[in-house]
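# An overview of the molecular structure
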Amino acid sequence: MPRKSTAKIPAVPTPASYAAARHAIGHSQASLAEAIGMSLRTIKHRESVKGNVTREMMLALQSVPHRTS
């Protein structure tokens, strides 16, 4: 069974907190994009200074299975 993330979601998510959450589940930008069916460009944009990260995005990221390899 995949591990669930227990990390607390920040009150105001930032691109840096999104990147940290992605890293915590063991995904590269490319592997996360593939896992959730989005483009690599979208993930890169979310993690850029121009990215607008919502609490929904952070919640959805918590449901992505940890990468094992």
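Provided above is the structure to which this section pertains.
## Some details on the overall build of the protein
- Looking only at helices and strands, the protein features 4 helices and 0 strands.
- What you see in the protein, going N to C, is helices and strands ordered as α-α-α-α.
- Of the contacts made within the protein by residues no fewer than 6 positions apart, 69% connect residues no fewer than 24 positions apart.

## Quick notes on the pattern of salt bridges
- Tallied over the entire structure, the rule returns 1 salt bridge.
- Its salt-bridge partner being Arg22, residue Glu47 comes within 2.6 Å of it at the nearest N-O pair. Remark: Arg22 occurs in helix α1 (residues 15-24) and Glu47 occurs in the loop between α3 (40-46) and α4 (55-62); sequence separation between them is 25 residues.
- Overall, Glu47 belongs to the buried group, its relative accessible area being 16%.
- Residue class for Arg22 comes out buried when judged on its relative accessible area of 12%.

## A look at the environment of Ala21
- Tracing the backbone shows Ala21 in helix α1.
- Sequence separation between Ala21 and Lys8 is 13 residues, and the spatial gap between their C-alpha atoms is 9.7 Å.
- Residues in contact with Ala21, not counting those within four places in the same chain, are Met58 and Leu61.

## Considering α1
- Among all positions of α1, only Pro15, Ser17, Tyr18, Ala19 and Arg22 are buried.
- Buried residues in α1 make contact with α2 (29-36), α3 and α4.
- Gly26, located one to two residues past α1, shows a positive phi value of around 80°.

## Observations regarding the packing of α1 against α4
- Look at α1 against α4: their axes get within 10 Å of each other, and the N-to-C directions meet at 5°. It follows that α1 is roughly parallel to α4 by the angle criterion. Of the residues in α4, those in contact with Ser17, Tyr18, Ala21 and Arg22 of α1 are Met57, Met58 and Leu61.
- Taken together, the residues of the contact of α1 with α4 sort by class into 5 nonpolar, 1 polar and 1 charged.

What counts as what
- Residues numbered from 1 in each chain as written.
- Predicted model: local features only at pLDDT ≥ 70, side-chain atom pairs only at ≥ 80, totals over all residues.
- Heavy atoms only, no water.
- Helix = DSSP H or I, 4+ residues; strand = E, 2+ residues; numbered from the N terminus.
- Contact = heavy atoms within 4.5 Å.
- Salt bridge = Lys/Arg side-chain N within 4 Å of Asp/Glu carboxyl O.
- Buried < 20%, exposed > 50% of the residue type's maximum accessible area, 1.4 Å probe, protein only.
- Axes fitted to C-alpha atoms, helices over the stretch in contact; angles between N-to-C directions.
- Parallel < 35°, antiparallel > 145°, perpendicular 65-115°, else oblique.
- Nonpolar A, V, L, I, M, F, W, Y, C, P; charged D, E, K, R; others polar.

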